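In case you want the letters, here they are:
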Amino acid sequence: MTEIATPHIGSPRILVLRVQPGTPPFRIVEIDGQVVGEAKAVTDVLEAAAAFGITVHDLDDPDVVRWVGGDKFTWTLH
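Worth saying up front: this structure is predicted, and the values here are computed from it rather than measured.

Participant: Can you lay out the packing of aromatic side chains for me, pointing to particular residues and giving the numbers?
Facilitator: For the coordinates displayed, the defined rule picks out one aromatic pair. Ring geometry for W67 versus W75: centroids 6.4 Å apart, planes at 85°, classification edge-to-face. Judged by its relative accessible area of 16%, W67 is buried. When its relative accessible area of 14% is taken as the criterion, W75 is described as buried. For R27, the ring lying beneath its charged end belongs to W75, and the centroid distance is 5.3 Å.

Participant: Would you mind going over the sheet that holds strand β3 (residues 34-39) in detail, with residue names and values included?
Facilitator: Read from one edge to the other, the open sheet built from four strands follows the order β3-β2-β1-β4, with strand pairing classed as mixed. At either end of the open sheet lies a strand with only one pairing partner, and these are β3 and β4 (65-67). Each strand axis lies, on average, 25° off the axis of its neighbour in the sheet, ignoring direction. By the bridge criterion, three bridges tie strand β1 (residues 14-20) to β4 in an arrangement that is parallel. Paired with I14 across the strands is V65, a residue of β4.

Participant: Describe unusual backbone geometry, with residues and values.
Facilitator: With an omega dihedral of -5°, the bond running from T23 to P24 counts as a cis peptide bond. Even without being glycine, D32 reaches a positive phi, approximately 55°. Note on placement: D32 falls in the loop between β2 (26-31) and β3.

Participant: Now, about the side chain of K72: what can you tell me, with residues and values included?
Facilitator: Counting through the fold element by element, K72 comes out in the segment after β4. Polar side-chain contacts of K72 include one of 3.0 Å to the side chain of D60. If we ignore the near neighbours within four places in the chain, the residues touching K72 are V42, L59, D60 and W67.

Participant: Let's hear about the nonpolar core: which residues, and what values?
Facilitator: I14, V29, V45, V56, V65 and W67 are the most contacted members of the largest nonpolar core, which totals 14 residues. Of all the elements in the fold, those that place two or more residues in this core are β1, β2, α1 (42-51) and β4. Counting residues per element, this core draws most heavily on α1, at three residues. Contact partners of V56, with chain neighbours within four places excluded, come to I14, L46, A49, V64 and V65.

Participant: Mind laying out the pairing of β2, listing which residues take part and the relevant values?
Facilitator: Looking down a regular strand, the side chains alternate between one sheet face and the other. For β2, the buried fraction is high: five of the six residues fall into the buried class. The turn joining β1 and β2, which pair antiparallel and follow one another in sequence, is formed by five residues. Note that β2 and β3 share five bridges and pair antiparallel. The residue of β3 that forms the bridge with I28 is E38.

What counts and what doesn't
Residues numbered from 1 in each chain as written. Predicted model: local features only at pLDDT ≥ 70, side-chain atom pairs only at ≥ 80, totals over all residues. Heavy atoms only, no water. Phe/Tyr/Trp six-rings, centres within 6.5 Å; stacked < 30°, edge-to-face > 60°. Buried < 20%, exposed > 50% of the residue type's maximum accessible area, 1.4 Å probe, protein only. Lys NZ or Arg CZ within 6 Å of the ring centre and 35° of its normal. Pairing = 2+ DSSP bridges. Helix = DSSP H or I, 4+ residues; strand = E, 2+ residues; numbered from the N terminus. Axes fitted to C-alpha atoms, helices over the stretch in contact; angles between N-to-C directions. Polar contact = N/O pair within 3.5 Å; in protein donor to acceptor, adjacent residues only side chain to side chain. Contact = heavy atoms within 4.5 Å. Core = buried A, V, L, I, M, F, W, Y, C linked by side-chain atoms within 4.5 Å.

As structure tokens, then:
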């Protein structure tokens, strides 16, 4: 057999971290392991991705975007 015993678990290129306090609150965006900016709305995440040549078709796809501390609808502190 040429198959490996454990499946490959990849990490998405885009990582959106939990909401940070601020006026307005924001989330830090990483692409390929580098901090690329702050997002105050989901459109900011899409714009950051586009700036790095990444086209996002599905923000709910965990192979594309990893949301930490909430999903694409979480933009306020709880």
